[in-house]
Structures are given as structure tokens and as C-alpha cells.
Amino acid sequence: AMEVQYLYPGIKIIEKPAIFYYQTEINQLLSLIVNTFYRKKEIFLRELISNSSDALDKVRYISISEPSVLNDEPDFYIHIIPSKANNSLTVADSGVGMSKMDLINNIGTIARSGTKRFIEALQQGTDLSLIGQFGVGFYASYLVSVKIIIYTKATYDHYYAWESLTGGSYSITRVGPIKNFGRGTRVCIFLKDDQLEFLEERRIREIVKKHSEFISYPIALEVEKIIEKDVVEGENKNETGLDSKTDVKTQPKRIKEVKKELEILNKQKPIWMKRIQDITEEEYISFYKTITNDWEEYLSKKHFIVEGQVDFKAILFIPKRAPFDLFDARKKSNNIKLYVRRVFIMDNCQELLPDYLNFIKGIVDSEDLPLNISREALQQNKILKVIKKNLIKKVIEMLFELSCDNDDYSKFYEAFSKNLKLGVHEDSQNRSKFAELLRYRSSKCSDESVSFKEYISRCGTKQKNIYYIIGENIATIKKSPFIEKLISKNIEVLFMIDPMDEYCMQQLKEFEGYKLVCVTKEGFHLEEFDEIERKKFDELVARYSDLCTVVKEIIGDKVEKVVLSERIEKSPACLVTGEYGWTANMERIMKAQALRDSSMSSYMESKKTLELNPYNKIIQELNRRIELDRTDKLIRDLSHLIFDITNIVSGFSIENPTNFSERISRILELGLNISNEKPYKKKNNYKGNENTDYWSGVNSYLHKVD
């Protein structure tokens, strides 16, 4: 309690201090911050100013509907007061202030999961200067402080002093009124001995200019000015204040007096109010860093003014990296700051951009929206709908401009390709535009990605399809049996390895008149076959029809049908899925979902078709045996084995791995001539299950695993 009086000596203590303990995560975070060797300690000031600015935004927003909150303190300000007398730096604001509960919730506990995430990110090597993006910027003050005291006063509430104590605790004391402090928060940081640079006027100016130039409230620094004035010594002065000529000692003396005054540091007007041609690249970068807390520059920007049906100005940025929680549904996005005639309204207006563009940062300043608009009214607001339509249009323009620069676009694509694919999936109006922005590796370009347009430009005259394959990784896809025929005919195949592609392709059926064909699904016909090839293939279908029937009988319900394949050249067979069901890759993704609804999988798991390759020696031999004797039991074994192997190669899992493993082991034994069985001797006296019967023939003994 005595400490509380440290800063305001005459302060009354009304209630005894209550001691509270930090939540464990905060203690962890604080010890990480205190013990970290971090050079850019200045970020603590940026975070405090940004918290003050948020508090002012809040009180300004409340005052629109409830003007009386400003009675105690009509001005909006942020003051920085260095005091060399006790090595303290105070950041004072006339923002919304905090109640006792606010102090406990905002500082002592974690109102959001940001702290935990930030600790994880720090341990993985994230830059500490990102602290603000996790909503825990206040704790950066511990980088430079030995003690922190916060005085705060919310409208219609008491004055409170919060104080950091040792051992992971803090106290909250209700105190009497403080002079010239009607509303707001004052954070007083008592600096460590090696951090006294933050009391220097020059250093503070430099930090504010660097980090907080575009804060929309005046940031004033208390500076010391030395004023010289004349003072006359001695009593012998006449009325005019001049010394009498008789006494020489009463000559005027020039003395220096130190006077403290506030000087505003951020005189910059909002960047978007300047003429576009007058703004330098440095100003844009500085503005971007101010609104996003990003330490890197942006990748691309678009500054534009829309006039006509609605009037607004906007600056949009694409960052270089995706944030850690880009697709976290619980996180409220605060990417686009909405202003109305230069007054900040809110920074998490979800009506400005659709979710799939949640990586775009920037500001929108509208001339037409009402100032005191509520969130509910925003959703219905027609002006906002027009703004949103324009913003999406401009973002697409910006992306097309960016796509002209391969290096920058590949950086962007690596970070945000999922967002584009979500755009294809969700936005039917702009689907074709987003599809144009997609890039994939292909069988003809292994090093760089190609767009659908480039693919089409390389198509032969007969080709009316865009062929693609979806799998787990490029290496697996390249060896896939599904693309053998296409590759041998020099037809390009696009390789897709992102789970999002599955969802994206469900919506994107065609591109500029070319049908998108997944080579692992049924209904695949090579239009590029000429007449002779087609005729030859039809003859093969007739010759192998018995084989297809027998194999279907053996495998049973595991496949819907067995047919000859147009798509494979070397492999014995492949397993294709129904045109509208899941692909093998999608089935793998869905099975990996921890919270999936298993009822859905029953009708989405595709009906599979086994396609056999008539040019493969194993299949040819199998067909020969069927023509000789379709009851030959070896056919049954081989059919099962081929089906299992095909399952694996086609990306599915095997229903009964034990059987498969036993079959393979037996084949190995036979191949190595180490089998214990006497395969040639028929056991007549064996009375048992037909499945485990031994029959003559080299591979007899495989059979007993079925």
C-alpha cells in the first residue's frame, strides 16, 4: 500500500489492498519475457500506446450513443511522462478505464487463449515483437521494468491502483480521487537500471515515430524546456521594476528555469487522406506496420478511392506470411479497420470481407455510414454490402497484379493458397477468377507451378479435358498407375497434393469450356484415342469379358464392377472411385478427422471399380488360365492378391492386412524354395473347410489364407 503512494504522494487508500495471483500461463509467459535475451525492448512502448489507443476507441464508440461518459474528461489524449527523479515512465490515456473486474480479467487472467499460444510460438522461435498480435502486449513491459503500477478510473466507477508484486502476484487497492485524472488509465513503469534510455526524450520520439505515428489520437510527450528570464536581486526596486541608480548591486540577473510542457509527437494526418501520388513507399510500410504489428514489410498493396453510389477510401495490404491462427474459427479477425469520416468505428467488422479473404489487412474509411451504427445494423446495411463487393473486386485485381511477378506470387501462394481454394469453394460469383489464380505442379513442369490457362495453351487440338490427380505427395503421384497412359501419350496431368484441392475440385467442374477430369475416378475416356486404337480396345474388352466376370465373382461386394482399363499401361490393375463419391485421398483425409460423423462416410465412401490392364503379363496369364479352366483355384489367390496390391497403389487401405501379409510371406517362401508344405501332394483324407483345402499346383499353399 505504501508503494501506491510512491507516485502520487497525497493519495488516500480507501480499501485495504487485495492480493491476487497470476494464472499459471501468465507466470510462464512472464518468466519467459523476463529471462529472454531480446534486443528490441522498445516494443513495450508501442504496445502500451496501442492499448491506450484501443481504450480511447472504446470510449469514443460508447460516447456516440451515451455522450455523458465524456463528462469527467472530454478530451481524448495519450501522454508519455518520463520522470528521472524515480526512473519511471508513465503512459497515461483518457480511454475507457478499467473496473476492478477488468483489472483482474485483462491483466491477471487470460481472457483469451493468446497467452498460451504466444508461449508455444515463442518456444518455437517466433519473434517476441509479435506479442501484440496475440493480444497480450501489456506483458512486454516486463522486458524493462522492476515494478509496474497502474492507476485506472472508468466512468461511473472508483479509482483503483494495480501493482505488480514479486512471486507471481499483484495487488489491487481502491484509492481516493487523483487530481486532473477524470477517466482513463495510467501505466507507470519503474525501469531497470540498464533501461534508463527510455527516459530520454530523443529515444521516446524515435520509438513513437517508428511505431505509433498513425495512431489517430494525439500522443504528447512531457518535455523539459529551459526558459531564461531576468530577475532582480535586492529590495531596492522602484515601481517600474527597474533598479535605482544609487545601488549598483541591484543589476538584473539572468536565470534559467526548467518548465515542463506537453509536445505532440504524431502530427501526421491519416495517410489515406493524402493524395495517392504524394505518399512514399516508406510511409505505406510504416502505416502497414502500425496497423498490423507486423515487423516485416507487406507483399503487395492497393490504395484506392471509390466515388459514386458510395464514397469511401481504402488501403489494402497482403502480408508476406500467414499468421499462426489464420483458420482458427474462435479468433475474431481484426484485419480491416473501419473508419467513418476519419473516426475509428471497429476493427473486427466481419461484413467487409468474406472469411476466405481473412488474410487481407488494411483500412476502409466511409463517407456515408452513420457514426453510431451498431453491429446488428451493419449486417443489414446496404452501403456496407456495396463496399464489400468493391473490396472483393479490388482484392482480385491486386492478386492478378501480384500474379504477374512469379517470385512474389510464389511467396504469396505458399502462404495463402488455401484461401484461394476456399474462394473457389465458397464464392460462386468469383469462382472462375479465383480458379485462374490457382497454380499446380504438373507432369510437364516439375519445378514450377502452372495455371489452368498455361495448361490449356499446351493442349492438343483433340483435347477437351483438363486432367488432374489428387494424392498425398508429388513423389507418390508421379509413380501412380492412373497417369501411365496419359503420360505415354504426352498429355499433361496436373498434380494436386493439398487436402483443400479435394473441396475445391468438387465445386470447380470446368474451366473456360474445358472439363476438369480426375484420373482416379470412373467415367474416364481418352478422347485422344484414334479410330484404330478404339477398335483394338473394343476387341480386347470382348476377349477379356470372362476374366472380368470371374474376378468380380471372387472379390464380391468389395468392388462394384471389374472392367478393362484405358488409363494404365504397365501396372496390372487400378482401383477407381465413383464419379461423385470421395477419391482415395479424400477417404484418407476424412478418416483422419477426429470429430467426423461416421454416418456420412457410408454413402460418401465411393463405389469402387477394379480396372485391369490387358497389356500386363500377369493379367494376360490370368486370362489364359481362365480360358483353360475357370475353376483353377490359383485364379482365386491371384485375384485377391492383385486386388490388395491395387488397393495400396491406388491410395486405399487394406481391409484385412493379416491375410495380405500371410499371402505375401507364402509367396516369398515359395519364391525362395523354403516352403515346408508339400504342395504337389493332394490330401484326400482332409475333411475341412473348402477354403483351407490343399490342391495340387505350385502355389497350392497360398490358398489356405482366404
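The model shown is predicted, which means the values in this text are computed figures rather than measured ones. (Residues numbered from 1 in each chain as written. Predicted model: local features only at pLDDT ≥ 70, side-chain atom pairs only at ≥ 80, totals over all residues. Heavy atoms only, no water.)

A.B. asks: An account of the overall build of the protein is needed here, citing residue identities and associated values.
C.D. replies: The helix and strand inventory of the protein stands at 21 helices and 22 strands. Expressed as a percentage of the 706 residues in the protein, the buried residues total 50%. At a minimum sequence separation of 6, the contacts of the protein that also span at least 24 residues come to 72%. With the model as given, the accessible surface of the protein reaches about 35,800 Å², and the carbon-plus-sulfur share is 50%. (Helix = DSSP H or I, 4+ residues; strand = E, 2+ residues; numbered from the N terminus. Buried < 20%, exposed > 50% of the residue type's maximum accessible area, 1.4 Å probe, protein only. Contact = heavy atoms within 4.5 Å. Areas by Shrake-Rupley, 256 points an atom, 1.4 Å probe, with all protein chains shown as cover.)

A.B. asks: Talk me through the packing of aromatic side chains; I want residue IDs and the actual numbers.
C.D. replies: Between two aromatic rings, the relevant description is the distance of the centres plus the angle of the planes. Counting across every chain of the model gives 24 aromatic pairs. Here F76 and Y217 contribute two aromatic rings whose centre-to-centre distance is 6.0 Å and whose plane-to-plane angle is 75°, an arrangement assigned as edge-to-face. Of the two residues, F76 is situated in the loop between α2 (43–65) and β2 (78–83) and Y217 in the loop between α5 (201–211) and β8 (219–232); the sequence distance between them amounts to 141 residues. In this pair, the class of F76 matches that of Y217, namely buried. Ring centres of Y298 and F317 lie 4.9 Å apart, and the angle between their planes is 45°; on these two criteria the pair is classed as tilted. (Phe/Tyr/Trp six-rings, centres within 6.5 Å; stacked < 30°, edge-to-face > 60°.)

A.B. asks: Describe unusual backbone geometry, naming the residues involved and giving the relevant values.
C.D. replies: One non-glycine residue, N87, lies in the positive phi region at around 50°. Position of N87 among the secondary structure elements: in the loop between β2 and β3 (88–93). In this model, N490 sits at a positive phi of 65°, which is unusual for a non-glycine residue. Within the secondary structure layout, N490 lies in the loop between α13 (484–488) and β17 (493–496). On the accessibility criterion, N490 (55% relative accessible area) is exposed.

A.B. asks: Quick one: what's the story with the layout of surface pockets, residue by residue and with numbers?
C.D. replies: For the second largest pocket, the calculated volume is near 640 Å³. Together, 27 residues line the second largest pocket, and Y413, R439, Y440, R441 and S449 are the ones closest to its centre. Looking at the lining of the second largest pocket, the elements with two or more residues in it are α9 (406–426) and β17. It is α9 that provides the largest number of residues to the lining of the second largest pocket, a total of 11 residues. Grouping the amino acids of the lining of the second largest pocket by side-chain chemistry returns 11 nonpolar, five polar and 11 charged. (1 Å grid on protein atoms, 1.4 Å probe; cavity = no way out; pocket = protein on both sides within 12 Å on 5 of 7 lines; lining within 4 Å. Points joined across faces, edges and corners; volume = space filled by probe spheres on them. Nonpolar A, V, L, I, M, F, W, Y, C, P; charged D, E, K, R; others polar.)

A.B. asks: Go over the pattern of salt bridges with me, naming the residues and quoting the values.
C.D. replies: Counted under the stated rule, the structure contains 34 salt bridges. When the shortest N-O distance is used, the salt bridge between K147 and E163 registers 3.0 Å. Taken as a pair, K147 in strand β4 (residues 145–153) and E163 in strand β5 (residues 159–165) lie far apart in primary sequence, 16 residues in all. E163 matches K147 in its accessibility class, with the two residues each being buried. Between K274 and E283 there is a salt bridge, and its shortest N-O distance comes to 2.3 Å. For the pair shown, K274 and E283 are each scored as buried. (Salt bridge = Lys/Arg side-chain N within 4 Å of Asp/Glu carboxyl O.)

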